[in-house]
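This is what each chain is made of:
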Amino acid sequence: MDRRQIFDTLNGIFRDIFDDPALTVGEETTAAGVEGWDSLTHITLLAAVEDEFGITFAMKDVVEMKNVGDMASAIEAAL
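Residues numbered from 1 in each chain as written. Predicted model: local features only at pLDDT ≥ 70, side-chain atom pairs only at ≥ 80, totals over all residues. Heavy atoms only, no water.

**Here's the deal with the confidence of the model for the protein chain**
For the protein chain, mean pLDDT is 97; residues scoring 70 or higher make up 100% of the total. Here helix α3 (residues 59–64) is the element of the protein chain with the lowest mean pLDDT, 94, and helix α1 (residues 3–17) is the one with the highest, 98. (pLDDT = per-residue confidence, 0-100. Helix = DSSP H or I, 4+ residues; strand = E, 2+ residues; numbered from the N terminus.)

Below you can see the structure in the form of structure tokens.
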């Protein structure tokens, strides 16, 4: 799976979690840029990403994620 495919999948997950069919995330997207992205939603989001990709994030990776690009990199490393 290449990075574009990862982002296509992530966009679908984000749209579902945030109930916003127009939402598009990119490399630099952060929680501050997405309405409703709080700590509880973050946990839900991580669980949905892990389920969709069939991976489990290491706590170290979760703590180091500063934006969606970092999340995509963690996914690439786990696949």
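Past the structure itself, the notes keep going.
**Some points on the side chain of N11**
Considering the arrangement of structural elements, one finds N11 in helix α1. The exposure class assigned to N11 is buried, which follows from its relative accessible area of 8%. Setting aside chain neighbours within four positions, we find N11 in contact with L23, T24 and V25. (Buried < 20%, exposed > 50% of the residue type's maximum accessible area, 1.4 Å probe, protein only. Contact = heavy atoms within 4.5 Å.)

**Some details on the packing of aromatic side chains**
Within this structure, the stated rule accounts for 3 aromatic pairs. Judged by centre distance (5.8 Å) and plane angle (25 degrees), the ring pair of F14 and F18 falls under stacked. Accessibility expressed as a relative area gives 0% for F14, which makes it buried. We classify F18 as buried; its relative accessible area is 14%. Each ring, one from F14 and one from W37, has its centre 5.3 Å from the other, and the planes form 70 degrees; the classification is edge-to-face. Residue F14 is found in helix α1, and its partner W37 is found in the loop between α1 and α2 (39–53); the two are separated by 23 residues along the sequence. According to the relative accessible area criterion, W37 is buried, its value standing at 12%. Site record: aromatic cluster; members linked through ring pairs are F14, F18 and W37. (Phe/Tyr/Trp six-rings, centres within 6.5 Å; stacked < 30°, edge-to-face > 60°.)

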